Each structure stands twice: as structure tokens, then as C-alpha cells.
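Report on the structure
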Amino acid sequence: MNIAIVGIGKFGKTLTESLAKENHNITIIDNKADVIESVVEQFDVMGYCGNAASYTTLKDSYVDKADLFIATTSSDETNILCCLVAKKLGVKRTIARIRNPEYALQVQLMQNELGISLTLNPDLDTAHEICRTLTFPSAVKVEPFAEGKVDLVETRVTKDSLICNKSLAEINEKYKINILVCAINRGNEVLIPNGKTIINEGDYIYICSSARLKTNSFKKLNLFKSNLKSALIIGGGRITYYLAKLLINRGISVKIIEKDINICKTLSESLPEAIIINGDATNHALLEEEGIANSDSFITLTGLDETNIILSSYAKNRNCPKVITKVNNPSYNLILNNIGLDSVFSPKEIFTNHIIRFARGMENSLESEFKSLYRLIDDKVEALEFIISKETKYTSIPLKDLKIKKGFLLASIVRENRIIIPTGTDTIKPLDHIVIVTTHKSIKDVSEILE
């Protein structure tokens, strides 16, 4: 597929790398020649230097040949204008990155009236992902499927967990719970498990469960942690604004520490229910004074990865029950794992996942519709959701009779409002939502799981 990307900052560069790995033909456009030259050389893509809001620039860079146009500059207005020009040139599908909260109510208008196919707000999306984890603190992360009916929950196994040192078959037989462990991260090893796989202390496991029943399941396995009542947030940017509103609406008290007095004044006006502290959070005395030792959760959302990591490490050492860290540089992942910071969120990765999901959906067959994508364990595992459109060669056949390739696991079937954690006797039927977990990459259709 031909894809044009405008704006090659940190978001655009990450997006270019990911889409190039999906074997798309990429053209990048930016007004900085050195940026274009560097990215073209690094990822073997086409590049064009110029003002992407200009009709002439987009026409000369052959944007009219693109199947998908993505505008991800730092300016919302520029992104909207670029998409409108690309639409005028004949591009059928356009995506704009839009972050300003003031535009939130106009998103539907942009899509319906202006013809922009999709608008994405990575700050808001990141806030939603963090909020899901904070409202289920037993999890390192929570990823929703099937319109929120199914959750894929990442959690760390401790020695006091009832599943520690037991095989999956033994756990299923003993506790009779409707969950499926569908992936395990053990050190540098990634496993798609079977019934004989034994869960070890320190494993990060991915559990597929009914969203409604996951609390009871975690309680039975001694994996449950009590709900949070307070959040201490460091940094006063857009993610903080969105997250604070979400948490306040859920009855969680919010305190924000921000060193810029003007940002503090803005937050005080827009978030009257939150406590806003003007100060430097790198001063540990301030953190102690503002109650880090008594906070249920500690979230670092400053613009500097290094600051976020240092502050989160301090909170971890102060035994804060839930620590969440925003980090955009993927090279820090190994360090974070080694120091015990596991709830890590990257806005640019969340943004990229949305784009890849959209692009793969454009390439679907008529047999299934691609709905959701989450990349797990440093992109070593993918969790994907499909809707089965019609009868196929793999429907109405017991799963035990299907020849499924190694490295694939059918984690869940949602049929109407019923959640099925599948066994060998279950079948896939038309209109089912199915969740697949795999170590294979770039899966676009359900038929690819079969030998």
C-alpha cells in the first residue's frame, strides 16, 4: 500500500519505521532537509522536502498516488489543512493528529463534513490507557477488546500468588476460572503457552478474561490489589489534563505537581476539583511534603524521559502501591525492566498502534474485519481482534480439528454478549469477535493462522 506521512518529528519517525516494517511503500514529507535525508537513509523510504500544507508540494510529491495520507506535524491546524489538500488531490483516506482539547468537540465534524477519515489524539488515548490501569491496579496494563467486553490483562506473578509454580492445566483444573493465560514474558524469553507450561515467580503473564468477571478471577488467584483512592501526578501537560478529568470522574482524588506557574494557573481553572502544587518534583523534600508515602498511585508525565524514570524509581523505593511512567524512548525499556518499573506508557507507540490497525483494516479480505491491535513485550507479541464476516473454511469446525500454526493462540470468542474462553470443542462462527495472540508479525486476516 502507498502511504504518505507528513511531519517527521518523533511521532512521524516512529510511524515511518513501523509502517516500513509492514512492507508499505512510504513517502515522507517535511520542511527540514536534514531530517528527510536521515530518515530516507535509515528506513529506505521516499522523501520530499517542502511545506506540506502547500498544494504544490503535495502535488509534486505524488500524494495523489497514496492510498493513505497521515498528517502528524506538531500543529493541529497544519494537520487539518494538509488532510484537506490531500483530499482535494484525490486521496481517499486521511488521518490527522489533533491534540488540542478545544478541538475535541469538533472531531465528528472534521470526519463527517471535512472528509478526514480518522482523527487521533495520542495524549487523550494515553490518558485512557493509563486510566484503565489505575482503575484495575492488579494489572501492569489492561487492553480492551470486543467493545470492552473482553480485557487482555498483563500482571506480574509474585511468590504468594496461587498460580505460582503450577502448570496451566493444574490451575484450570483446581480453580475452575474462565480465563486464559495467552502469553508469558520470562526474562528475555517470550512464550505462547500450552497446558503443560508452568508459571514461575517473576513472570509477566497476559490473561484474557471477561471484563466484567476479571476482578473475581484475580481474587480467586490471589492476584487482586485493592482499588485506588488517590493519584499524585507529576507534570502538567495535556496528558495530565485528560487523565485528571478521567480519574476525578471515577471518584479518585488528584494532586498535580507542576513547576511552571502559568500552567498551574491554567490547570486550576480547568480542574477545580484537583489540588495543583507549583513546585519542582525533583526535590524529594517536596514529594515527601505532598504525601508520596501515602499516595495510592504515582504517575510521571513530564516531557523528559530521564526525569520520569528517576522520579518513578524514587516512588517505587518509597513503596508506592502503583507507579506509572511515561517514556517515549524505546531504548530505555531494558533499563526499566531491570529496575522494576513495569507500567510504562509511550504516546507515540499508542499512536502508531492506532495507525497500523487502520492500515491493516484497509487490507482485509472479505472473510474477516480487522478491529483491534495491541503490540506487547517490546513488539514481540501481537494481540489482534477480528470480526468473522461470513462462513469460511475455518468456521463451524472444532478448533481441535483446525491445523493452527505454531505461535498462534485463539484467546477469546465473543458471540453476541457471551464470552467464550475457547477449548478444543468450540467453533468459530460468522459474526463472532475473536481475539488472537501471536508471535508472528503483520497478520491481516484470520486465515493466516492456518497451516
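A brief report on the enclosed structure follows. (Residues numbered from 1 in each chain as written. Predicted model: local features only at pLDDT ≥ 70, side-chain atom pairs only at ≥ 80, totals over all residues. Heavy atoms only, no water.)

Quick word on the overall build of the protein
Looking only at helices and strands, the protein features 14 helices and 22 strands. Over its C-alpha atoms the protein spans a radius of gyration of 23 Å, differing by no more than 12% from the 22 Å that the globule rule assigns to 451 residues. Each principal axis of the C-alpha distribution contributes one length, and for the protein these read about 65 × 65 × 40 Å. Looking at the 451 residues of the protein, the share that counts as buried comes to 55%. Within the protein, contacts between residues at least 6 apart in sequence are counted, and of these 61% link residues at least 24 apart. If you sum the accessible surface of the protein, you get close to 20600 Å²; carbon and sulfur atoms cover 47% of it. (Helix = DSSP H or I, 4+ residues; strand = E, 2+ residues; numbered from the N terminus. Rg over C-alpha atoms; globule rule 2.2 N^0.38 Å. Buried < 20%, exposed > 50% of the residue type's maximum accessible area, 1.4 Å probe, protein only. Contact = heavy atoms within 4.5 Å. Areas by Shrake-Rupley, 256 points an atom, 1.4 Å probe, with all protein chains shown as cover.)

Topic: the nonpolar core
Grouped together as the largest cluster of nonpolar side chains are 40 residues, with contacts concentrated most on I5, L19, I70 and I434. Counting residues per element, this core draws most heavily on helix α14 (residues 347–362), at 4 residues. Beyond its immediate chain neighbours, meaning those up to four positions away, L19 contacts I3, I5, H24, I26, I70, I355, I356 and A359. With 27 residues, the next largest nonpolar core counts C131, L134, V254 and L267 among its residues. (Core = buried A, V, L, I, M, F, W, Y, C linked by side-chain atoms within 4.5 Å.)

Comments concerning the sheet that holds strand β7 (residues 141–145)
Across the sheet, which stays open at both edges, the 5 strands sit in the order β7-β8-β11-β9-β10 with antiparallel pairing between neighbours. Lying at the two open borders of the sheet, with one neighbouring strand each, are β7 and β10 (189–191). Neighbour-to-neighbour, the strand axes of the sheet open up by a mean angle of 20 degrees, direction not taken into account. Bridge analysis of strand β8 (residues 150–156) against strand β11 (residues 204–210) gives 7 bridges, and the strand direction is antiparallel. Counterpart to V150 in the pairing with β11 is S210. (Pairing = 2+ DSSP bridges. Axes fitted to C-alpha atoms, helices over the stretch in contact; angles between N-to-C directions.)

Observations regarding the side chain of S161
Along the chain, the position of S161 falls in the loop between β8 and α7 (168–175). Taking relative accessible area as the criterion, S161 reaches 4% and is therefore assigned buried. The residues contacting S161, other than those within four sequence positions of it, are L221, N222 and L223.

Description of the environment of Y394
Examined against the element boundaries, Y394 turns out to sit in the loop between β19 (381–388) and β20 (408–415). Taking the C-alpha atoms as reference points, Y394 and N200, separated by 194 residues in sequence, lie 35 Å from one another. Residues within four places of Y394 in sequence aside, it is in contact with E367, S368, I388, L402, I428, V446, S447 and L450.

Description of the packing of aromatic side chains
Any two aromatic rings considered together are summarised by their centre-to-centre distance and by the angle between their planes. Within the structure shown, the criterion is met by 6 aromatic pairs. On the basis of an interplanar angle of 80 degrees and a centroid distance of 5.5 Å, the ring pair of F11 and F351 is categorised as edge-to-face. Of this pair, F11 sits in helix α1 (residues 10–21) while F351 sits in helix α14, and the two are 340 residues apart along the sequence. No difference in accessibility class separates F11 from F351, as the two residues are buried. Consider the rings of F136 and F218, whose centres lie 5.1 Å apart with planes at 80 degrees: the pair is edge-to-face. (Phe/Tyr/Trp six-rings, centres within 6.5 Å; stacked < 30°, edge-to-face > 60°.)

Observations concerning the pairing of β7
Here β7 lies mainly inside the structure; 4 of its 5 residues are buried. The turn joining β7 and β8, which pair antiparallel and follow one another in sequence, is formed by 4 residues; a positive phi near 50 degrees is taken by A146.

Some points on helix α9 (residues 238–249)
Its 12 residues place the ends of α9 17 Å apart at the C-alpha level, agreeing with the 16 Å of an ideal helix rising 1.5 Å per residue. For α9, the set of buried residues is I239, T240, Y241, Y242, L243, A244, L246, L247 and I248. Just downstream of α9 lies G251, where phi reads positive at about 80 degrees. (Expected span 1.5 Å × (residues − 1).)

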